[in-house]
Number of protein chains: 2
Amino acid sequence: MQMVTDSDRAAYAAARMAEFAARCHRGGLAVTPQRLAIIRALLAAADHPRAETIYAQVRREHPHISLATVHRTLETLCRIGEARKVTALHDSARYDGNTAPHHHVVCLGCRRIRDIEIPGVERLLDGRDDLGEFKLMGCALEIHALCAQCQRKPGRSNPKRLANRKQSIATSNHVDS
Amino acid sequence: MQMVTDSDRAAYAAARMAEFAARCHRGGLAVTPQRLAIIRALLAAADHPRAETIYAQVRREHPHISLATVHRTLETLCRIGEARKVTALHDSARYDGNTAPHHHVVCLGCRRIRDIEIPGVERLLDGRDDLGEFKLMGCALEIHALCAQCQRKPGRSNPKRLANRKQSIATSNHVDS
DNA sequence: TCACAATTGATAATTGTTACCACCTGTAAG
DNA sequence: CTTACAGGTGGTAACAATTATCAATTGTGA
Ligand SMILES: [Mn+2]
Ligand SMILES: [Mn+2]
Ligand SMILES: [Zn+2]
Ligand SMILES: [Zn+2]
């Protein structure tokens, strides 16, 4: 179990940028200066930025870029598998009356969430009180899935295709663990 | 690894409702009809509802209740540990340029997110293509923590205490999957 | 170089959530 | 059983994040 370091990221980012134009082509996207700037900013960030943060960064080179473009582009990048959203369920707060420790299966189509118990999970962190500078408070395993209904339908209220993940390229040199 | 069944929930909900008034007292909260209706609706729901859904349900008995009260109350219940928010990071979408499989450490104070690699996680689901009706697509382990900075400060924009989790009840009889 | 579909910027609209504040009510003291 | 009042509520305005719209611009392949 290892935190990913800054130098890991720098190398990874360089490799990804080198291939970006080709990847856009493959995904049927035009290679615009805005898209280049946005993916560059995203790959340079260590902290999983929000749209507003990318906007602030990109604006320095493209003062005329629109925030809407940043939102759109980030979603587009996720669609073609060049980025991913860390917050699959960020659109509205979801509450749980079950305060016992447990985890969740999330349908990516309709966003239903079901409880599941997986004893092994907490054990992964057993014996640790911290991870580097981070003091551990708990953990949540989110299992992404498609419910029976959503396996047929294209995807109700959440038309986010979540990319078919045919991706395989460029998952080559990653940070080691 | 077991899905939690409806009958599990029913028993658990009954136990929790029986103690709710006492628990409110302990937390320094008044026991209002609105709060009773909201916790009842939350405990009856299997799908981790959003505020709007609870509102629709509770309205049937309390047609005059305000949506604002539902939002407030759900947050209050989380604060005293009677409920929890499934979506710790729901406020704005966070993007990740790193498409390699990895997991995240989230600071509950400042919401910074750092990459981490934990090889054991995917292994928990190895050999499975589905969980009951759910077809598996992937999983994400979110480790909740406090960064060095936020261990001192009370807790910036996210004062949510995340409840002490002393719970233990009603995780008894489950169905296997 | 050209034609056209894709993309962008500006801005309006929508959605989920929180802030406000006057009125109401659960609580505990008498 | 009253009473006083801190805390809670409803109605609504304000906010923040995101998405929709659409005319103008631009990348692409021919
Ligand atoms: Mn749950
Ligand atoms: Mn990451
Ligand atoms: Zn579904
Ligand atoms: Zn922090």
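Since the structure is predicted, the reported quantities are computational estimates derived from the model, not experimental observations.

**Quick notes on the coordination of the manganese ion (ligand 1)**
Taken together, the protein ligands of the manganese ion (ligand 1) are A:Asp96 (OD), A:His102 (NE2), A:His104 (NE2), A:Asp115 (OD) and B:His48 (NE2), with distances of 1.9 to 2.2 Å. A residue pair is termed long-range when its members are at least 10 positions apart, and A:Asp96 in strand S3 (residues 95–96) and A:Asp115 in strand S5 (residues 113–117) qualify at 19 residues.

**Examining the coordination of the zinc ion (ligand 3)**
All names here are of chain A. Surrounding the zinc ion (ligand 3) are the protein donor atoms Cys 107 (SG), Cys 110 (SG), Cys 147 (SG) and Cys 150 (SG), which sit 2.2 to 2.3 Å from the metal. Seen from the zinc ion (ligand 3), its four donor atoms lie at angles of 103 to 116°, and the figure they make is tetrahedral. In primary-sequence terms, the residues that donate to the zinc ion (ligand 3) follow C-x2-C-x36-C-x2-C. Here Cys 107 is found in strand S4 (residues 103–107), whereas its partner Cys 147 is found in the loop between strand S7 (134–146) and helix H6 (148–152), with 40 residues between them in sequence. On the basis of relative accessibility, which here comes to 0%, the residue Cys 107 falls in the buried class. Accessibility expressed as a relative area gives 0% for Cys 147, which makes it buried.

**Brief notes about the relation of the copies chain B and chain A**
Once turned by 180° and shifted 0.0 Å along the axis, chain B lies on chain A with an RMSD of 0.1 Å. Expressed as an axis order, the relation between the two copies is that of a two-fold axis. Within chain B, the C-alpha atom positioned nearest to the axis of rotation is that of B:His90, 1.8 Å from it. Comparing contact sets, 95% of the residues at the interface of chain B also lie at the interface in chain A, consistent with an isologous, same-surface contact.

**A closer look at the protein's contact with DNA strand C**
In the vicinity of DNA strand C lie 22 residues, with A:Thr32, A:Gln34, A:Arg35, A:Thr69 and A:Ala93 positioned nearest. Within 4 Å of the protein, the contacting atoms of DNA strand C are drawn from sugar and phosphate to the extent of 77%. One of the side-chain nitrogen or oxygen atoms of A:Arg35 is found 2.8 Å away from a phosphate oxygen of DNA strand C. In the model, a base nitrogen of DNA strand C is placed 3.0 Å from a nitrogen or oxygen of the A:Arg72 side chain. Counting residues per element, the ones that place at least two in the surface near DNA strand C are helix H2 (33–44) and helix H4 (67–79) of chain A together with helix H4 (67–79) of chain B. Partitioning the surface near DNA strand C into residue classes produces nine nonpolar, nine polar and four charged.

**Digging into the packing of H2(A) against H4(A)**
All names here are of chain A. Interhelical geometry of H2 versus H4 gives an angle of 70° and a closest axis separation of 10 Å. Relative to H4, H2 is oriented roughly perpendicular. Listed contacts from H4 to Gln 34, Arg 35, Ile 38, Ile 39 and Leu 42 of H2 are Thr 69, Val 70, Thr 73, Leu 74, Thr 76 and Leu 77.

**Re the environment of A:Arg128**
Residues and elements named next belong to chain A. Within the fold, Arg 128 resides in the loop between helix H5 (120–123) and strand S6 (130–131). Given a relative accessible area of 36%, Arg 128 falls into the partly exposed group. Those residues in contact with Arg 128, other than ones at most four positions away along the chain, are Met 1 and Leu 136.

**Notes on the interface of chain B and chain A**
Residue-level contacts link 78 residues of chain B with 77 residues of chain A. Of the roughly 7,600 Å² buried where chain B meets chain A, counting both sides, 60% is carbon and sulfur surface. Considering only the surface of chain B that becomes buried against chain A, B:His48, B:Arg84 and B:Tyr95 emerge as the three largest contributors, covering 12% of it. The interface formed by chain B and chain A contains 52 residue pairs in polar contact (both at pLDDT 80 or more). Top element by residues in the side of chain B that touches chain A is strand S7 (residues 134–146) of chain B. It accounts for 13 residues. For the side of chain B that touches chain A, the residue count by class is 42 nonpolar, 18 polar and 18 charged. Pairing of S7(A) with S7(B) involves 11 bridges; the strand directions are antiparallel. Pairing of A:Ile143 across the sheet is with B:Cys139, part of S7(B).

Here is what the cut-offs are and how they apply
Residues numbered from 1 in each chain as written. Chains lettered and ligands numbered in written order. Predicted model: local features only at pLDDT ≥ 70, side-chain atom pairs only at ≥ 80, totals over all residues. Heavy atoms only, no water. Donors = N, O, S within 2.8 Å, 3.2 Å for Na, K, Ca; no water. Helix = DSSP H or I, 4+ residues; strand = E, 2+ residues; numbered from the N terminus. Tetrahedral: all angles 85-135°; square planar, octahedral: opposite > 155°, others 65-115°. Buried < 20%, exposed > 50% of the residue type's maximum accessible area, 1.4 Å probe, protein only. Least-squares fit on C-alpha atoms with pLDDT ≥ 70 in both. Contact = heavy atoms within 4.5 Å. Near = heavy atom within 4 Å. Polar contact = N/O pair within 3.5 Å; in protein donor to acceptor, adjacent residues only side chain to side chain. Nonpolar A, V, L, I, M, F, W, Y, C, P; charged D, E, K, R; others polar. Axes fitted to C-alpha atoms, helices over the stretch in contact; angles between N-to-C directions. Parallel < 35°, antiparallel > 145°, perpendicular 65-115°, else oblique. Buried area = accessible area lost by both parts, 1.4 Å probe. Pairing = 2+ DSSP bridges.

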